[in-house]
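Observations on the model geometry
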Amino acid sequence: MPFKKVLIALDSDAVAIHAAEVGVELAHAVGAEIALVSVMDRSAAEIAAPEMPRDELLAESRDHALRVIAEWAPKLVPRGAAESFT
């Protein structure tokens, strides 16, 4: 069964970036579209910053995810060739 889309999770960790590069290579090799996603464990964030209001924590987490995607997407895939999800 051919791949139509390769979903690649991003964060700023070097291992994750290498895995993303491999995912991009796979997508190119099989002619698949690329979708980038950045995911955060909400419960871990709440433990790390228990004093922060939940809405503020979620907004900060989303902003961080968008920054990671904005930083790495141009380095990984050609302009406009990937969807992104946060």
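Figured I'd write up the structure that's included with this text.

Thresholds applied
Residues numbered from 1 in each chain as written. Predicted model: local features only at pLDDT ≥ 70, side-chain atom pairs only at ≥ 80, totals over all residues. Heavy atoms only, no water. Helix = DSSP H or I, 4+ residues; strand = E, 2+ residues; numbered from the N terminus. Expected span 1.5 Å × (residues − 1). Buried < 20%, exposed > 50% of the residue type's maximum accessible area, 1.4 Å probe, protein only. Salt bridge = Lys/Arg side-chain N within 4 Å of Asp/Glu carboxyl O. Pairing = 2+ DSSP bridges. Right-handed = clockwise from strand over helix to strand, strands pointing away. Patch = residues over 30% accessible without salt bridge, like charges linked within 9 Å, V, L, I, M, F, W, Y side chains within 5 Å. Areas by Shrake-Rupley, 256 points an atom, 1.4 Å probe, with all protein chains shown as cover. Contact = heavy atoms within 4.5 Å. Polar contact = N/O pair within 3.5 Å; in protein donor to acceptor, adjacent residues only side chain to side chain.

Moving on, we come to helix α3 (residues 54-76). Given a rise of 1.5 Å per residue, 23 residues ought to cover 33 Å, and the 32 Å separating the end C-alpha atoms of α3 matches this to within 8%. Of the positions making up α3, those classed as buried are Leu57, Ser61, Ala65, Val68, Ile69, Trp72, Ala73 and Leu76.

Per the stated rule, a full pass over the model turns up one salt bridge. In this structure, Glu33 engages Lys5 in a salt bridge whose closest nitrogen and oxygen atoms are separated by 4.0 Å. One end of the pair, Glu33, is in strand β2 (residues 33-37); the other, Lys5, is in strand β1 (residues 5-9), and 28 residues separate them in sequence. On the basis of relative accessibility, which here comes to 46%, the residue Glu33 falls in the partly exposed class.

All right, on to the pairing of β1 then. Going residue by residue along β1, you find Val6 and Ile8 tucked away on one face and Lys5, Leu7 and Ala9 left uncovered on the opposite face. Pairing geometry for β1 and β2, over five bridges, is parallel. Bridged to Lys5 within β2 is Glu33. Note on the crossover from β1 through helix α1 (residues 14-30) to β2: the handedness is right-handed.

Together, Phe3, Leu26 and Val30 make up a nonpolar patch on the protein surface, roughly 250 Å² of accessible area in all. Turning to its location among the elements, Phe3 is positioned in the segment before β1.

When you line up the elements, Lys4 lands in the segment before β1. In the structure, Lys4 is positioned 30 residues away from Ile34 in sequence and 8.8 Å away in space, judged by C-alpha atoms. Beyond its immediate stretch of four places on either side in the chain, Lys4 contacts Ala32 and Glu33.

Right, let's talk about the side chain of Ser38 for a bit. As for its placement among the helices and strands, Ser38 is situated in the loop between β2 and α2 (42-48). Separated by 3.4 Å, the side chain of Ser38 and the backbone oxygen of Leu10 make a polar contact.

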